[in-house]
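Read off the chains here:
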Amino acid sequence: MKSYDVVIIGGGPAGLAAAISSKKNGIDSILILERDKELGGILNQCIHNGFGLHTFKEELTGPEYAARFIEQVKELNIEYELNTMVMDISPDKVVTAMNRTEGLFEIKAKAIVLAMGCRERSRGALNIPGYRPAGIFSAGTAQRLVNIEGYMPGREVVILGSGDIGLIMARRMTFEGAKVKVVAELMPYSGGLKRNIVQCLDDYGIPLKLSHTVLDIKGKKRLEGITLAEVDSKGKPIPGTEEYYSCDTLLLSVGLVPENEISRGMGVEMNPITSGPNVNESLETSIEGVFACGNVLHVHDLVDFVSEEATTAGKNAAIYVKNGKERKSEGHEIMLNPIDGVRYTVPKNINVQRMDDSITVRFRVGGVYKNCYVSAYFDDERVIRRKRPVVAPGEMEEIKLTKEQLLKYPDLKTITVKIEEA
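Analysis parameters
- Residues numbered from 1 in each chain as written.
- Predicted model: local features only at pLDDT ≥ 70, side-chain atom pairs only at ≥ 80, totals over all residues.
- Heavy atoms only, no water.
- Pairing = 2+ DSSP bridges.
- Helix = DSSP H or I, 4+ residues; strand = E, 2+ residues; numbered from the N terminus.
- Axes fitted to C-alpha atoms, helices over the stretch in contact; angles between N-to-C directions.
- Buried < 20%, exposed > 50% of the residue type's maximum accessible area, 1.4 Å probe, protein only.
- Salt bridge = Lys/Arg side-chain N within 4 Å of Asp/Glu carboxyl O.
- Disulfide = S-S within 2.5 Å.
- Left-handed = near helix turned anticlockwise from the far one by under 90°.
- Contact = heavy atoms within 4.5 Å.
- Phe/Tyr/Trp six-rings, centres within 6.5 Å; stacked < 30°, edge-to-face > 60°.
- Lys NZ or Arg CZ within 6 Å of the ring centre and 35° of its normal.
- Patch = residues over 30% accessible without salt bridge, like charges linked within 9 Å, V, L, I, M, F, W, Y side chains within 5 Å.
- Areas by Shrake-Rupley, 256 points an atom, 1.4 Å probe, with all protein chains shown as cover.
- Expected span 1.5 Å × (residues − 1).

1. A short note on the sheet that holds strand 20 (residues 333-338)
Across the sheet, five strands lie side by side as 21-20-26-23-24; this open sheet has mixed pairing. Two strands close off the open sheet at either side, each with one partner strand: strand 21 (349-351) and strand 24 (381-391). Put simply, the sheet's adjacent strands are angled 20 degrees from each other on average, direction ignored. By the bridge criterion, three bridges tie strand 20 to strand 21 in an arrangement that is antiparallel. Residue pairing in the sheet places Glu333 in a bridge with Asn351 of strand 21.

So, in structure tokens, the structure goes:
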């Protein structure tokens, strides 16, 4: 059995940044396992720009952003295996994987970084009635077909869901000569970034219908059209609001789910809100020496934050390999408590002794709030209160905590993060 100090599951933006960070923090024995035929993950099919504004202070396309990390991995001589599927990880950090050349094999790791990314929610999760005709794709599949395979899924398009991939595909299909008739969204607000609504829909005159869903699908062999209807506050269709759109393609952009079957299988404690692992200030899961970062932890809006988070996870994996059990004993745990509009926080708990000089707590809200405050209470005392003109579920929020600030509260047990009305 081969053994490595750090094994990273996934060679997308999170896995690459974690590997580079572990190497720069003094670990030489690193292996990246990637199931695709190349490194870079989903970025390879994201040929639009807008990546890297935080990390590199310039606007890059997805493949350009990925290439910068791939070059560093190669320069640092970090080992990686492509076309390799991880089947299982045991709680004592033995990775079972398989590929064509080696068959089934095992690797013993001192630390593991989970960086498997996320997948799209499928039509099966939506309960749309009708047949299963050709022409219904997830937005990410359509993106791959157009940008990598060179196939056009269809010419008359309706998009259900206003996640970022759906918005970007509305623009992309328009560029390729398709007519995007409408983007429908079940919620009363969009799930995507504000800039994508402006640049991908408004700039091309594509209507966005909020509080709408697909009621019916017409067509047996090939999609012929769909019926949209408005929904009430409980998501039930309102009779009399039905509209028929003829189309040959329906793209589904109805949310992303962290890819966590392996994490669950090894016994990692999961968060029911994010569908990702619960982690502490080091991005370490409930299993000692197993770290998580990127979209496998919680779905991000910007890849720059994925890289930033993965850099932290890679560094902490390196510290764990060097110090192991010694780092466990010191300090006490502070729990983070998300309430009043805040759906979750990453991390879930913080050990002040072990944290860096500062920590970024990221979270998403459960609705659209205007002219509000993002507040943090240390037990019962309000310490942070930041005015925000608008917060929405499509954009991730954050607060920064410093070690110096937390050390002033030696008996602190809970930090409560919430939205307060102005």
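There is more to say after this.
2. Details of the pairing of strand 25 (residues 397-402)
Going residue by residue along strand 25, you find Glu397, Ile399 and Leu401 tucked away on one face and Glu398, Lys400 and Thr402 left uncovered on the opposite face. Sheet topology places strand 22 (residues 358-363) next to strand 25; six bridges connect them, and they run antiparallel. Its bridge partner being in strand 25, Val361 is matched across the sheet by Ile399.

3. Some words on the pattern of salt bridges
One pass over the structure, following the stated rule, counts 24 salt bridges. Measuring nitrogen to oxygen at the nearest pair gives 3.5 Å for the salt bridge that ties Glu102 to Lys2. With a gap of 100 residues between them, Glu102 in the loop between strand 7 (94-99) and strand 8 (103-114) and Lys2 in strand 1 (residues 2-9) connect regions that are remote in the sequence. Given a relative accessible area of 36%, Glu102 falls into the partly exposed group. Note that Arg35 and Glu259 form a salt bridge whose closest N and O atoms lie 3.6 Å from each other. On the criterion of sequence distance, the pair formed by Arg35 in the loop between strand 2 (30-33) and strand 3 (49-51) and Glu259 in the loop between strand 18 (256-258) and helix 6 (261-265) is long-range, its members being 224 residues apart. With relative accessibility at 51%, the residue Arg35 sits in the exposed group. Classification of Glu259 by relative accessible area gives buried; the value is 16%. Sharing partners across several salt bridges, the network here consists of Arg35, Arg119, Glu259, Glu261 and Arg264.

4. Regarding the state of the cysteines
Counted according to the given criterion, the structure contains zero disulfides. Just so you know, Cys293 is unpaired, no disulfide at all, and the nearest cysteine sulfur is the one on Cys118, 13 Å from it.

5. Observations regarding the packing of helix 1 (residues 13-24) against helix 2 (residues 62-75)
Relative to each other, helix 1 and helix 2 sit at 35 degrees, their axes nearing to 9 Å. Helix-helix and strand crossings are classified by hand; for helix 1 and helix 2 the assignment is left-handed. From helix 1, Leu16, Ala17, Ile20 and Lys24 reach across to helix 2, where they touch Ala66, Phe69, Ile70, Gln72 and Val73.

6. Section: the environment of Arg68
Considering the arrangement of structural elements, one finds Arg68 in helix 2. A relative accessible area of 28% places Arg68 in the partly exposed class. Sequence separation between Arg68 and Tyr245 is 177 residues; the distance between their C-alpha atoms is 43 Å. Those residues in contact with Arg68 that lie beyond four places of it in its chain are Phe56, Glu58 and Leu60.

7. Some thoughts on the packing of aromatic side chains
Enumeration according to the criterion identifies six aromatic pairs in this entry. Between Phe291 and Tyr320, the aromatic rings sit 6.3 Å apart at their centres with planes inclined by 70 degrees, giving edge-to-face as the arrangement. One end of the pair, Phe291, is in strand 19 (residues 290-292); the other, Tyr320, is in helix 7 (residues 303-323), and 29 residues separate them in sequence. A residue is classified by how much of its surface remains accessible, and Phe291, at 0% relative accessible area, is buried. By way of ring pairs, the aromatic residues Phe56, Tyr65 and Phe69 are connected into one cluster. Positioned above the aromatic ring of Phe56 is the side chain of Arg68, whose terminal nitrogen or guanidinium carbon lies 4.9 Å from the ring centre.

8. Considering the sheet that holds strand 11 (residues 156-160)
In a beta sheet, neighbouring strands pair by backbone hydrogen bonds and run either parallel or antiparallel. The strand order across the open sheet built from five strands is 10-17-11-12-13, with neighbouring strands paired in parallel fashion. Looking at strand neighbours, the two that pair on one side only are strand 10 (136-138) and strand 13 (208-210), the edges of this open sheet. The average undirected angle you get between the axes of adjacent strands in this sheet is 20 degrees. Contacts from helix 3 (residues 139-149) reach strand 10 and strand 17 (249-252), with the element oriented near 90 degrees to strand 10.

9. Describing a nonpolar patch on the surface
On the surface, a nonpolar cluster with roughly 390 Å² of combined accessible area is contributed by Met85, Met87, Met98 and Leu104. Checked against the element boundaries, Met85 lands in strand 6 (residues 85-89). Of the residues examined, Met85 reaches a relative accessible area of 37% and is grouped as partly exposed.

10. Quick notes on helix 7
For an α-helix, the turn length of 3.6 residues means that residues three or four places apart are oriented alike. In a regular helix each residue adds 1.5 Å, so 21 residues correspond to 30 Å; helix 7 covers 30 Å between its end C-alpha atoms and thus fits that length. Where helix 7 ends, the next residue or the one after it, Gly324, has phi of about 50 degrees, a positive value.

11. Observations regarding helix 1
The terminal C-alpha atoms of helix 1, which comprises twelve residues, lie 17 Å apart, in line with the 16 Å expected from a rise of 1.5 Å per residue. For helix 1, a buried count of eleven out of twelve residues is recorded, marking the element as mostly surrounded by other parts of the structure. Within helix 1 the residues assigned to the buried category are Pro13, Ala14, Gly15, Leu16, Ala17, Ala18, Ala19, Ile20, Ser21, Ser22 and Lys23. Among the structural elements, strand 1, strand 2, helix 2, strand 8 and helix 7 are those in contact with the buried residues of helix 1. Just past helix 1, the residue Gly26 takes up positive phi, approximately 95 degrees.

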